[in-house]
Amino acid sequence: MSKPTANWEKVGDKFYRKVQLYTAVFDQDLELEKYNVVGAPYSGAVAIYRDEEKLHTYRGPGVSKSSIDMYSCAGKLIRSITWDKGTIKGLGWSEDEKLLVVTADGTVRCYYDLQGDFVPFTLGHDSDVHGVVSCKFYGTGFVALLGNNHLISVASYTEPRPKLLAIPPSEPVVSWSIIPPAYSLSRSVEVILAIGHTLYVVDATEAEDRNFDAGPFQHISVSPRGEFLAFYTEDGKVWVVSGDWSEKLSEYDSKVQTVPKDMQWCGSNAVALAWEDEVHLIGPRSAATKFYYDAWVHLLPDVDGIRLLTNDVCEFIQKVPDETVDVFRLGSDSPAANLLEASSLLEQKSPKADDLIQLIRPSLAEAVDTCIKAAAHEYNIHWQKALLRAASYGKSVLDLYSSDDFVDTCDTLRVLNAVRFYEIGLPLSYDQYRRMTPEKLIERLTNRSEYLLALRIADYLHLPASHIHGHWAQQKVRVSTDPEEEICKLIVKKLHGKPGVSFEEIARAAYDEGRVRLATSLLNYEPRAGKQVPLLLSMKEDTIALDKAIESGDTDLIFHVLLHLRKEVPLASFFRVINSRPVATALVESSAWEQDRELLKDLYYQDDRRLDGSNLLLSEALAQKDLVGSLDKLKLGSKYLQDSRDTAATFQRSAIDDAAKLLRLQETFEKELNAAEGAATSSFIGLSTHETIFQLIRQGRFKRAQKVQSEFKITDKTYTWLRLRALVSARHWTELESIASQKKSAIGWEPFFNEILAAGNTRVASVFIPKCTTLVVAERVDMWVKCGLLVKAGEEAYKAKDRVLLDELRAKASGSAAVEIERFLGMLGSGRK
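Residues numbered from 1 in each chain as written. Predicted model: local features only at pLDDT ≥ 70, side-chain atom pairs only at ≥ 80, totals over all residues. Heavy atoms only, no water.

In the nomenclature of an unreviewed UniProt entry, the chain is known as Probable vacuolar protein sorting-associated protein 16 homolog of Dothidotthia symphoricarpi CBS 119687. For the record of the chain, the UniProt heading Function (unreviewed entry) holds the text "Essential for vacuolar protein sorting. Required for vacuole biogenesis, stability and to maintain vacuole morphology." (UniProt positions renumbered as here; feature names shortened; annotations may be inferred.)

## Quick look at the sheet that holds strand β7 (residues 88-93)
Taken in spatial order, the four strands of this open sheet run β7-β8-β9-β10, and their pairing is antiparallel. Looking along the sheet, the strands with just one partner apiece sit at the ends: β7 and β10 (117-122). Averaged over all pairs of adjacent strands, the angle between their axes in this sheet comes to 20°, without regard to strand direction. Note: strand β8 (residues 99-103) against strand β9 (residues 107-112), four bridges, orientation antiparallel. Its bridge partner being in β9, L99 is matched across the sheet by Y111. (Pairing = 2+ DSSP bridges. Helix = DSSP H or I, 4+ residues; strand = E, 2+ residues; numbered from the N terminus. Axes fitted to C-alpha atoms, helices over the stretch in contact; angles between N-to-C directions.)

## Here we look at the environment of S363
Residue placement: S363 occurs in the loop between α4 (352-359) and α5 (364-377). For S363, a relative accessible area of 26% corresponds to the partly exposed category. As a C-alpha pair, S363 and A336 span 27 residues in sequence and 8.8 Å in three-dimensional space. (Buried < 20%, exposed > 50% of the residue type's maximum accessible area, 1.4 Å probe, protein only.)

## As for the sheet that holds strand β19 (residues 217-222)
In spatial order, the strands read β19-β20-β21-β22; together these four strands make up an open sheet with antiparallel pairing. Lying at the two open borders of the sheet, with one neighbouring strand each, are β19 and β22 (248-253). When the angles between neighbouring strand axes are averaged without regard to direction, this sheet yields 15°.

## A closer look at the pairing of strand β17 (residues 198-202)
Remember that side chains alternate between the two faces of the sheet whenever the strand is regular. Of all five residues in β17, five are buried, a share of seventy percent or more. Residues T198, Y200 and V202 line one face of β17 and the alternating positions L199 and V201 line the opposite face, and both faces are buried. For strand β16 (residues 190-195) and β17, the ladder comprises five bridges, and the chain directions are antiparallel. Residue pairing across strands places A194 opposite L199, the latter belonging to β17. In this antiparallel pair of consecutive strands, β16 and β17, the connection spans two residues, and G196 shows a positive phi of 65°. Two elements, β17 and strand β18 (residues 207-209), share three bridges in a ladder whose sense is antiparallel. Bridge assignment links V202 to a residue of β18, and that residue is A207.

## Let's talk about a negative patch on the surface
Taken together, the side chains of E276, D277, D294 and D312 make up a negatively charged region of the molecular surface. Examined against the element boundaries, D277 turns out to sit in the loop between β24 (270-274) and β25 (278-282). Residue classification places D277 among the partly exposed positions, given a relative accessible area of 38%. (Patch = residues over 30% accessible without salt bridge, like charges linked within 9 Å, V, L, I, M, F, W, Y side chains within 5 Å. Areas by Shrake-Rupley, 256 points an atom, 1.4 Å probe, with all protein chains shown as cover. Salt bridge = Lys/Arg side-chain N within 4 Å of Asp/Glu carboxyl O. Lys, Arg positive; Asp, Glu negative; His and termini not counted. Charge placed at Lys NZ, Arg CZ, Asp CG, Glu CD.)

## Structural notes on the packing of aromatic side chains
In the structure shown here, the tally under the stated rule is 21 aromatic pairs. Between Y798 and F824, the aromatic rings sit 5.4 Å apart at their centres with planes inclined by 20°, giving stacked as the arrangement. One end of the pair, Y798, is in helix α31 (residues 790-799); the other, F824, is in helix α33 (residues 816-830), and 26 residues separate them in sequence. Residue class for Y798 comes out buried when judged on its relative accessible area of 10%. Three or more aromatic residues joined by ring pairs make a cluster, and in this case those are F212, F217, F231, W239 and W245. Taking the ring centre of W239 as reference, the NZ or CZ of K248 above it sits at 3.8 Å. Here the guanidinium or amino end of R420 rests over the ring plane of Y379, the centre of that ring lying 4.2 Å away. (Phe/Tyr/Trp six-rings, centres within 6.5 Å; stacked < 30°, edge-to-face > 60°. Lys NZ or Arg CZ within 6 Å of the ring centre and 35° of its normal.)

## Overview of the packing of helix α11 (residues 466-479) against helix α13 (residues 503-512)
Contact pair α11 / α13: the axes reach a minimum separation of 8 Å and the direction vectors enclose 20°. As judged from the angle between their axes, α11 and α13 are roughly parallel. The element α11 and its partner α13 pack so that their crossing is right-handed. Taken together, the residues of α13 that come into contact with α11 (itself represented by G470, A473, Q474, V477 and R478) are E505, I506, A509 and A510. Along the lines of polarity and charge, the residues of the contact of α11 with α13 split into five nonpolar, two polar and two charged. (Parallel < 35°, antiparallel > 145°, perpendicular 65-115°, else oblique. Left-handed = near helix turned anticlockwise from the far one by under 90°. Contact = heavy atoms within 4.5 Å. Nonpolar A, V, L, I, M, F, W, Y, C, P; charged D, E, K, R; others polar.)

## Quick notes on helix α17 (residues 555-568)
With 14 residues, α17 extends 20 Å from end C-alpha to end C-alpha; this agrees with the ideal 20 Å at 1.5 Å per step. Residues L557, I558, V561, L562 and L565 constitute the buried set of α17. Summarising the axial view, the buried residues of α17 lie within an arc of 135°, below the 170-degree limit, and thus occupy one face. α17 presents D556, L563 and K567 as exposed residues on the side facing more than 90 degrees away from its buried surface. With a side-chain oxygen positioned 3.0 Å from the backbone nitrogen of D556, the residue opening α17 is D554. (Expected span 1.5 Å × (residues − 1). Arc of directions from axis to C-beta. Polar contact = N/O pair within 3.5 Å; in protein donor to acceptor, adjacent residues only side chain to side chain.)

## Quick look at the environment of G147
In this structure, G147 sits in the loop between β12 (142-146) and β13 (151-154). Between the C-alpha atoms of G147 and H130, which are 17 residues apart in sequence, the distance is 5.1 Å. For G147, the residues in contact, after removing those within four places along its chain, are H130, G131 and V133.

## Side note on the nonpolar core
The biggest cluster of nonpolar side chains holds 50 residues, and the ones touching the most others in it are I693, L736, F752, I756 and F768. Not counting residues up to four positions away in its chain, the partners in contact with L736 are L724, L727, V728, F752, I756, V764 and F768. One finds A545, I578, L587 and V588 within the second-largest nonpolar core, a separate group that totals 38 residues. (Core = buried A, V, L, I, M, F, W, Y, C linked by side-chain atoms within 4.5 Å.)

## Focus on the side chain of S502
Along the polypeptide, S502 turns up in the loop between α12 (484-495) and α13. Residue classification places S502 among the buried residues on the basis of a relative accessible area of 10%. Polar side-chain contacts of S502 include one of 3.3 Å to the backbone nitrogen of E505. Discounting residues that sit within four places of it in the chain, S502 has contacts with E526 and R528.

## Quick notes on α4
Taken together, the buried positions of α4 are occupied by A353, L356 and I357. Seen along its axis, α4 keeps its buried residues to an arc of 100°; they face one direction. Facing away from the buried surface of α4 by more than 90 degrees, the exposed residues are K352, D355 and L359. Residues of α4 that are buried make contact with α3 (335-347), α5 and α6 (381-397).

Printed below as a string of structure tokens:
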């Protein structure tokens, strides 16, 4: 086994290693030099599309169609997207492996899941007029340069809102780059433009000239975290300055007359220049090394290094991690290097192993940590095992040592080795894996349809697998040619008991593929009605959607379906659907009562609910502001019940007819009284029968009041009460006194006394006391007292020979009244009458 240092190169005082990831990546017939190649972050997919400015070998009419091909780093084709939508001016990847395609007219397509599905949007801001020249991408957004030098920024792919940045000078742009918002001083995207011999920094508010006079700059590159900027000058030099532009850190002379085709950062430590088959790696303080290839090479930058891609090989260049240098550097006498040597001696059963352990005993814990970290950064499985064996040996000697990091590293390496395998083609470094997170790695495997590996990793790391199962099922309904019943049974069987799986998403995928019956069958297994119903509605399965909503008991969901049905289907069909569903009918009725009375009338008519329809018309009649409208509504309400034999309907029709007759009478009264008085009197319209009689008597219209009594068969008892209260309210005392001359009263005489006394007229009230013959003496005495007539009260008590009452009256009386009471007592005592 070759030493790990065999592929190291020293650049200044730092070591860089070139790890060969895959060989025989692309077919030799693929002229990679005539394609644009873009790699996704975190060792993701590679997208290639033909450079239309270069000539290509003619291979027959079958291959002339343009396409965007997505490959793994190992050269395995993931997806091919046929392209016929115009010239591509920008191709890039998001942090979560979405492919962004920008055309010359400002149209953008965001392809997600590596499946060919996309979300489109446009840049606007006259991009279709001036045309897109080129684009620069970062993790969550991109910037487009237009033909008039205007810059359009899109900060989010999920919610794209194209924004025009400050207007830079109109001179030709030689080269340009961007600083992502997360690393810029202004916390918004900043664009560096090489115009003429200087540089401009453009953000949302201003375009600032940095007064760099060494231009024109052929290439500009920004380090992954924005700490450094690199510029390639026209005379073949590379300048590296600090991210705040305050300090020039290094200057490297490539001594090459030809301008390189690309310049990218290798992590944040070095800059890579690429010509056709030559790469210069420039480290700190202008130190450099060179790599040569037999074919055209493409640079694919990443967060901690750079991938080099040719037809023959995919390699990864990165700064050698400090822990790896500590262990493997030639001549290293670090504790970690000695621990690795001791582990090797132990395998050889050499007694020197113990001597080495004792030598590094004070730093043994540090040595174990270093070996674990070095193993995590190592690509070669042999050296991973060797370092982990050394760490295991070292921690077994220590009395106290937490094995958490050791176990985590073993788990991580097992995952990394699985996904680095050429059939998977995800050559993640340890740092990339930690930044991306295991959940995102599982998502990438799922998008590549590597379901078995994704499930095993999820199970191994104790992560949820519902997304994997859901994605598998969606792909199954998209591509399977089996009968739909068998597909449904297979999916249900596979997903039975799997928590978190959304059958709604699977059904939607089936519906999008035109498999409506399969989608409906799958929706039956979705337990959440809120997920079922919207999709059923979009599938035109309205009655099923309504039944599901009713089963859920969610009134908001039922209303949602009903509103959809009301808009989409004819009224007769709508009523037919809800008539057999009482809950739906009740909800329609309750909402229509407040919002749509016409719909409610149609519902009652359709369902032959005459009484309800009549009630609705009656309520409308009461709400009318003019008499004619009220009478019309009442007439319709009565006619509605005309043929009904129901007892309640018959009674209601009679009541409605009476109401109409009363309104007509009230109208007549108003006209007559207004004409007689010569001015408007108080309105009768809308009063009840009793209120009408009350108002007529109050105004002295006794004959009209009697007419109303006769027309509506008001009982004498009720009429007498109304007459009494109306006369008292109007203070018609004379009329009331004349009533006292009558022999009988339908309600007795006590109510007259009480009502008149309550009105404050004790004189008239006292007239009715002698007529209250049904009352006992004490009650009549109390009446006289209430009227202030104590002498009359005394006479009443004396006639009844009630000394007790006379004694009580004597206590209340004074003056002449007391004398009379005393006289009555004396007469009662002597026996005289």
